[in-house]
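Survey of secondary and tertiary structure
Single-letter residue listing:
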Amino acid sequence: MTDARRPLIAGNWKMNGLKASAGEMRAIVAGASKAAKADLLICPPATLVAEFAGIVKKGSPVAIGGQDCHAAASGAHTGDISTEMLADAGATAVIVGHSERRADHGETDAIVNAKAQAAWRAELTAILCIGETQAQRDAGKTLDIIGGQLRGSVPEGATANTLVIAYEPVWAIGTGLTPTVKDVAQVHEYIRNYLKQYFKNDGEVIRILYGGSVKPSNAVELLAVPHVNGALIGGASLKASDFLAIAAAAP
Ligand code: PGA
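For clarity, every value in this text was computed on a predicted model and none was experimentally measured. (Residues numbered from 1 in each chain as written. Predicted model: local features only at pLDDT ≥ 70, side-chain atom pairs only at ≥ 80, totals over all residues. Heavy atoms only, no water.)

The next thing to look at is the site of the ligand. Taken together, 13 residues are adjacent to the ligand, and Lys14, His98, Glu168, Gly174 and Ser213 come closest. Contacts to the ligand include glycine 235, whose backbone N or O atom sits 2.9 Å from an oxygen atom. About the coverage of the ligand: the protein hides 95% of its 280 Å² of free accessible area. Of the residues contributing to the shell around the ligand, the split by class is 4 nonpolar, 7 polar and 2 charged. (Near = heavy atom within 4 Å. Polar contact = N/O pair within 3.5 Å; in protein donor to acceptor, adjacent residues only side chain to side chain. Areas by Shrake-Rupley, 256 points an atom, 1.4 Å probe, with all protein chains shown as cover. Nonpolar A, V, L, I, M, F, W, Y, C, P; charged D, E, K, R; others polar.)

Right under this line is the structure:
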């Protein structure tokens with residue numbers, strides 16, 4: 001993930017996938033040349049990171065990432081995985097602060113901030129997720145929430161190579177619902193202005209992904225929104241044909 005201006009189409013497999021899913025991963029790698037305009041990233045469960053990294057050939061536009069990490073490099077943290085371990089397994093990126101981690105595991109902005117710094121320590125790109133709940137949107141607080149999450153979770157010193165922001169409205173994840181193009185544009189413009197203010201030139205090119213019920217049928221429309229520099233895809237990333245169709249929609 002070196003050219004920060006290329007769109008990034010990232011798949012988050014969540015808690016899905018067994019060794020038998022290697023065929024789907026191979027199909028993604030084989031079809032990746034059709035999506036030559038975009039960088040592709042697949043974040044399988046931790047059990048498959050090494051295996052999938054082995055499938056990706058050098059020079060391929062496909063990279064492998066983790067879905068979460070611990071902030072420490074090693075130690076007595078049963079069940080956790082460090083960024084050094086992910087890098088050792090062949091990952092080049094890691095998702096931090098996904099709303100399912102924030103909700104299910106009580107992750108605060110401070111924890112997410114520490115995890116992003118841990119990603120950088122191991123030379124991984126942090127794919128940092130932010131997004132409002134339905135109640136927050138209904139209360140007209142979307143931009144306040146997004147601003148607070150940016151201030152709290154994004155560490156100082158972010159660059160276009162080390163940080164990707166994923167805007168994922170919590171109510172759009174896995175529901176089939178998406179915000180209007182106008183709403184997406186408003187939030188992405190707000191994020192872009194924040195990044196420009198704090199990270200100067202890098203802030204112009206740090207990629208901002210949209211996530212939440214992205215599928216082949218809405219990808220063209222969503223990926224064409226100003227300051228949408230790619231997508232983070234859950235459900236539709238599990239099938240190579242759907243994931244590649246979304247990637248092909250990248251402008
Ligand atoms: P979804 O998930 O595409 O299944 O809505 C998106 C995400 O959680 O990253």
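Next, the rest of the story.
So, on to the pairing of strand E1 (residues 8-12). Most of E1 is tucked away, with 5 of its 5 residues classed as buried. Side chains of E1 alternate between two faces, with Leu8, Ala10 and Asn12 and Ile9 and Gly11 buried alike. Note: E1 against strand E2 (residues 39-43), 5 bridges, orientation parallel. Counterpart to leucine 8 in the pairing with E2 is aspartate 39. Handedness of the β-α-β unit built from E1, helix H1 (residues 22-31) and E2 comes out right-handed. Note: E1 against strand E8 (residues 230-233), 4 bridges, orientation parallel. (Buried < 20%, exposed > 50% of the residue type's maximum accessible area, 1.4 Å probe, protein only. Helix = DSSP H or I, 4+ residues; strand = E, 2+ residues; numbered from the N terminus. Pairing = 2+ DSSP bridges. Right-handed = clockwise from strand over helix to strand, strands pointing away.)

A separate point is unusual backbone geometry. With a phi angle near 50°, lysine 14 is a residue other than glycine that sits in the positive phi range. Tracing the sequence through the fold places lysine 14 in the loop between E1 and H1. Among the residues examined, lysine 14 registers a relative accessible area of 21% and is labelled partly exposed. A positive phi angle, close to 45°, is found at lysine 200, a residue other than glycine. Take lysine 200: it is sitting in helix H8 (residues 181-205).

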